[in-house]
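Working through the structure, step by step
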Amino acid sequence: MIPVAFEYTRPSTVEDAVAVLAADPDAKVLAGGQSLLPVLRLRLAAPSTLVDLRDVESLHGVRVADGELVIGAMTTHAEILHDRRVAEHAPLIAAATATVGDRQVRHLGTFGGSLSHADPAGDLPAVALALSATMVAVGPGGRREIPAADFFVDYLTTALAPDEILAEVRVPDTAGWGYRYEKFSRMAQAWAVVAVAALVRRADGGVADTRVALTSMASRPVRATAVEQALTGTDGDSGAITAAAGHADEGTEPPDDVNGAADYRAHLARVLTRRALTAAAGA
Amino acid sequence: MSTTQEQEVGAARRRKEDAHLITGQTTWTDNIQLPGTVHAALLRSPMAHARIRVDVSAARDEPGVVAAYSGADLADELAGLPSAWQVTPDWVAPEHKPLAVDEARYAGDAIAVVVADTRAHAVDALDAIEVDYEPLPVVLDMEQAMADGSPLVHTDAGTNVCFRYADTFGDLDAAFADAPVRIRRRFVQQRLVACAMEPRSVLVAPVPAAGEYTVWSSTQIPHFVRLFLAMLSGVPESRIRVIAPDVGGGFGSKLDIYAEELLAFTLAKKLGRPVKWTETRSEAFQATVHGRDQIQDLELAADADGRIRGLRVDLLADMGAYLQLLTPAIPLLGRAMFPGIYKMDAYRFGCVGVFTDKTPTDAYRGAGRPEATFAIERMLDELAAELHVDPLEMRRRNWIGHEEFPYTQIAGLTYDSGNYEAATARATELFDYDGLRAEQARRREEHDPVQLGIGVSTYTEMCGLAPSRWLGERGYAGGGWEAATVRVLPTGKVEAVIGTSPHGQGHVTTFSQLVADTLGVPFDDVEVIHGDTAAAPAGLDTYGSRSLAVGGVAVWRAAQRVLGKAKTLAAHLLEVSEDDLEFSGGNFAVRGTPGAAKSIQEVAFAAFAAHSMPDGMEPTLSADFVLEPDDFSFPHGTHLCAVEVDTETGRVEIRSYVAVDDVGKVVNPMIVEGQVHGGLAQGIAQALHEVARYDADGNLTTGTMVDYTPPTAADLPSFVLDRTETPSTTNPLGVKGVGEAGTIASTPAVVNAVVDALRPFGVVDVPMPCTPENVWRALHEAQGGAA
């Protein structure tokens, strides 16, 4: 309820923010606070300093550059939901973002915060993985790019160094792809028990490319590669989709907790993958 | 501007309470700021059972700390907490200290307290307390707790059994012998958490020189808090004033005397300063009483046509680690309600109360009756399925006919009035029962992955706890009366002082309507005073749907007394006989003499001035009434629920819900509908969503809103509500109660619907809550899958 006392700073540049992190290994970045503040209030974490990024202008906003969608890490979910460039170039992000939390959460929570928090039950990590997004991090040594596949390391753990900040996310254009974020949660506003982010590109009547990533099926978001391989190259009819979806839980290690037992999650992954692919493939 | 309606009772008056509630002008206990206040924070055991050695000395050196104590430090100053309902002569009632002294017995049991200048300092200083925990064996499961050699929650008690209770009515052996149909089921009433919107909070302000105390507490029962603080502290009751200011929900969880109330009182007395403690949401999950938690073993015997011959009920009721105010009585409040609305030849009720290393249980909306209603309504559906009879028809074959009231049922309760036929007819019409059954048949035939289920609940419940004699005969230390005062002030405005203590129900509005009608004064001219033992000294507070059926009748009686006195005085002032006066619209008019009249406001001023009073009449226009209820009242109704069940994922969606309730005469239909809406939400929550779960070590794993999953509006359907009206015959207003009806009725309606959807797959029960996973698992198991 009452966090352990901490210092608070609100820099206006990424460089200043990184400098604070570099100087103090116990400092922690505050983005929208939708995950961090509950953790602090429950005293599950006790950072020395919170580095609030809200005043760092360069981290806000959406743009299109070199045919890619670039989303600033501090862009809120609500801003993404109302952005026509997101809707045009990566509608899967908009679809998944619409299921995040509730209206209040979406107005405070940020895209980059959600990815950096790397909760395997969060909606956006699996989406970033399915889209093969690139994470752009800034640290004392400058900028570096991290593919989404390398970014999510483990439960609440990313490839970011303690003194790095996720600055922006570059997302390849998937206009024209079929897509679906199929989320299953116990309540209207709740974490996913399991969710499936699916993208299907059709060409010449067949399935030319398939991307499936799973939320809450391991300690990090995972690609369902067996599903992707099984569906790509087929004609994408319901038989092919059902057969492919049967591979959805292969190689996963679903959690076993109050939100769902492992065997139930494995079952859900297969059902939801079939549904997601059915929508994404237009079958 | 004040307005007058022709008839206040029956009008959907907007609630007087709401303007300040929705504009942030509430007085929650935690909002009250007194100079010099110090703040208490509690250290709670993270272990479910452990021997403890607590050293608080380091905490005393932390910034802002005023005092710090362990349970051992205060052992001589803190009395044990009360349990006021001795259910059997040989019950086991272990000592329950506000701070555990030698052993912590559930995760969340308070073991030390820090008092500091700010809440933050108090919380910070908890980290400096040194505790040695020596783990002791934990017992969480009731059946394991009863087994030989089980670890004991209370070693000194020598047993985990709190009490054993049994009653048999009629010839049970005869009823079961040769019965063509016998159905046995085990249902589990899962443990629930009340989740009141306002957590508990208490502030105690002493006047050391006078030895006086003012206590603000977020409680349903300010009068009992005063009584018990006096009894437990030795401070004269007359020097303790308890105020329940705005109280943000209770649902039974604030019908208790809590450790923190006695602790804050003791600390305020010791330190001579105001002491405040406010619960965190995490503490609300761990340390506020839980509800339900019963294992129900049932057997029903019936004739081949479904006529019920007998019912056998054996309960295990989880007390948790200690007895709170009414803990052992809660399952026994269901003792007489398992027969429901049905006639039968014989009935047995048995209950064993069991201690476990978990948070204590106590009242939770419905308190014993929802558990009973669930059991009998589920059994009626099972009986119907067994005999391939429509569940509504099965109920018709067994229920009490409307011409049979008053009806003394098998467990000895006399149901005052009811018309189950009328409520059921209205509900089936609103629901399109036949149409939905046809759709269900079609979907079954088509093997639709989303199946339709229809659930029935024809409930009754006992409201208005209770005649004092009835309570006394059952071991309760208190009574069931209620008090009211009605006074017309010199300006003609009216104050109604009530002994019930609202925490969201709308007493102020409802009682204003009752008084306005009785005295012929505008609704807006009536103020209702409550929740302060200095202003409303007599009362037994709010629980058990008693406020209108008992307290409302007391208000009405007091108003009638005022009216009688006013009439006598009016006749005196008009120099006519009382028989010549006609009272309407707030005026006493002389029959046949136009213009010769006195308004009640004029009479009130005359009573105040007292210049001319009849011989022997006391000045002022005021009257008290203390009402002893004649009996319970028995609301009833028919609830019908249609669910769609996704057989692939197990998800249950409520498609439609019709509730036709009969709560007797209705004072404010909007408030009644609000109570039904809230009650339905809470009952549906038990059916589909909520459960307090513990891991094997006794840690509550559903200790946040995220994990406990109470439903929001987005999780609930639009309800279709209607009423039939069969007045109660046990009180002159004809009113029954409505506070718990929705909760009692809805849980079985929903679960019956879920099971109905899945019956073709061989499912005969789904454990609550019917989460997608539980539904999927039930399907999986019924189809031979290992789950």
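Each value, and the rule that gives it
Residues numbered from 1 in each chain as written. Chains lettered and ligands numbered in written order. Predicted model: local features only at pLDDT ≥ 70, side-chain atom pairs only at ≥ 80, totals over all residues. Heavy atoms only, no water. UniProt positions renumbered as here; feature names shortened; annotations may be inferred. Helix = DSSP H or I, 4+ residues; strand = E, 2+ residues; numbered from the N terminus. Rg over C-alpha atoms; globule rule 2.2 N^0.38 Å. Buried < 20%, exposed > 50% of the residue type's maximum accessible area, 1.4 Å probe, protein only. Areas by Shrake-Rupley, 256 points an atom, 1.4 Å probe, with all protein chains shown as cover. Lys, Arg positive; Asp, Glu negative; His and termini not counted. Charge placed at Lys NZ, Arg CZ, Asp CG, Glu CD. Domains from an automatic or database assignment. Contact = heavy atoms within 4.5 Å. Buried area = accessible area lost by both parts, 1.4 Å probe. Salt bridge = Lys/Arg side-chain N within 4 Å of Asp/Glu carboxyl O. Polar contact = N/O pair within 3.5 Å; in protein donor to acceptor, adjacent residues only side chain to side chain. Phe/Tyr/Trp six-rings, centres within 6.5 Å; stacked < 30°, edge-to-face > 60°. Lys NZ or Arg CZ within 6 Å of the ring centre and 35° of its normal. Nonpolar A, V, L, I, M, F, W, Y, C, P; charged D, E, K, R; others polar. Pairing = 2+ DSSP bridges.

If you check an unreviewed UniProt entry, chain B appears there as Carbon-monoxide dehydrogenase large subunit from Actinocatenispora comari. Its UniProt record gives chain B a comment under Cofactor (unreviewed entry), which states: "Mo-molybdopterin cytosine dinucleotide".

Going by an unreviewed UniProt entry, chain A carries the name Carbon-monoxide dehydrogenase medium subunit and comes from Actinocatenispora comari.

A tally of helices and strands in chain A yields 12 helices and 14 strands. In terms of C-alpha radius of gyration, chain A reaches 19 Å, essentially the compact-globule figure of 19 Å for 283 residues. Considering only C-alpha atoms, chain A reaches an extent of 60 × 45 × 30 Å along its principal axes. Counting all 283 residues of chain A, 52% fall into the buried class. Of the roughly 11600 Å² of accessible surface on chain A, 50% is carried by carbon and sulfur atoms. One finds the centroid of the 25 positive side-chain charges in chain A at a distance of 5 Å from the centroid of its 35 negative side-chain charges.

We now examine the domain arrangement of chain A. All names here are of chain A. Each domain of chain A was delimited in the assignment, giving domain 1 (7-51), domain 2 (61-172) and domain 3 (179-280). Taken over C-alpha atoms, the centre of domain 1 sits 19 Å from the centre of domain 2. Across the boundary between the two partners, domain 1 contributes 10 residues, which contact 14 residues of domain 2. Summed over both partners, the interface of domain 1 with domain 2 comes to about 950 Å²; 79% of that surface belongs to carbon and sulfur atoms. Seen at the junction of domain 1 and domain 2, the total is 0 salt bridges. Counting across the interface, domain 1 meets domain 2 through 0 residue pairs in polar contact (both at pLDDT 80 or more).

Geometrically, a pair of aromatic rings is defined through the distance of the ring centres and the angle of the planes. All chains considered together, the criterion is met by 19 aromatic pairs over all chains. Between Tyr213 of chain B and Phe265 of chain B the ring centres are 4.6 Å apart and the planes differ by 40°, which places this aromatic pair in the tilted class. Residue Tyr213 of chain B is located in strand E10 (residues 212-217), and its partner Phe265 of chain B is located in helix H6 (residues 259-271); the two are separated by 52 residues in the primary sequence. Here the two residues Tyr213 of chain B and Phe265 of chain B agree in accessibility, since each one is buried. Ring geometry for Phe285 of chain B and Tyr708 of chain B: centres 5.6 Å apart, planes at 70°, overall edge-to-face. Here Phe285 of chain B, found in helix H7 (residues 281-287), pairs with Tyr708 of chain B, found in helix H18 (residues 705-708); they are 423 residues apart in sequence, far enough to count as distant. Just as Phe285 of chain B is buried, Tyr708 of chain B falls in that class too. Among the aromatic residues, those joined into a cluster by ring pairs are Tyr415, Trp470, Phe632 and Phe634 of chain B. Positioned above the aromatic ring of Tyr694 of chain B is the side chain of Lys358 of chain B, whose terminal nitrogen or guanidinium carbon lies 5.9 Å from the ring centre. The ring of Phe184 of chain A has Arg651 of chain B sitting right over it, with the charged end atom 4.2 Å from the ring centre.

Contacts between chain B and chain A engage 27 residues on the former and 23 residues on the latter. Summing the contributions of chain B and of chain A, the shared interface buries around 2200 Å²; its carbon and sulfur component is 55%. Summed over the three residues of chain B that lose the most area to chain A, namely Glu648, Thr649 and Trp776 of chain B, the buried surface amounts to 23% of that side. Scanning the region where chain B abuts chain A turns up 13 residue pairs in polar contact (both at pLDDT 80 or more). Elements supplying a minimum of two residues to the side of chain B that touches chain A: helix H2 (119-126), H18 and helix H20 (772-782) of chain B. Across the side of chain B that touches chain A, the residue classes break down as 8 nonpolar, 8 polar and 11 charged.

Attention now goes to the pairing of strand E13 (residues 206-215) of chain A. All names here are of chain A. Of all 10 residues making up E13, 8 are buried, and the element is well covered by its neighbours. For strand E12 (residues 194-203) and E13, the ladder comprises 9 bridges, and the chain directions are antiparallel. In the sheet register, Arg202 faces E13, and the bridge partner there is Val207. Taking the residues that link successive antiparallel strands as the turn, the E12-E13 hairpin has 2 residues, and the phi of Asp204 there is positive, at about 50°. In this sheet, strand E14 (residues 222-223) lies alongside E13 in antiparallel orientation, the contact comprising 2 bridges. Among the inter-strand pairings, Ala213 is bridged to a residue of E14, identified as Arg223. Joining the antiparallel neighbours E13 and E14 is a turn of 6 residues, in which Ser216 adopts a positive phi near 70°.

Next up on the list: the domain arrangement of chain B. Residue and element names in this part refer to chain B. What the domain assignment reports for chain B is domain 1 (18-24 + 481-627), domain 2 (32-136 + 197-249 + 254-287) and domain 3 (367-462 + 633-782). Computed over C-alpha atoms, the centres of domain 2 and domain 3 are 39 Å apart. Taken together, the contact between domain 2 and domain 3 spans 7 residues of the former and 9 residues of the latter. For the pairing of domain 2 and domain 3, the buried interface totals around 540 Å² over both sides, and the portion due to carbon and sulfur atoms is 65%. Here domain 2 and domain 3 share 0 residue pairs in polar contact (both at pLDDT 80 or more) between them. In terms of residue class, the side of domain 2 that touches domain 3 is made up of 4 nonpolar, 2 polar and 1 charged.

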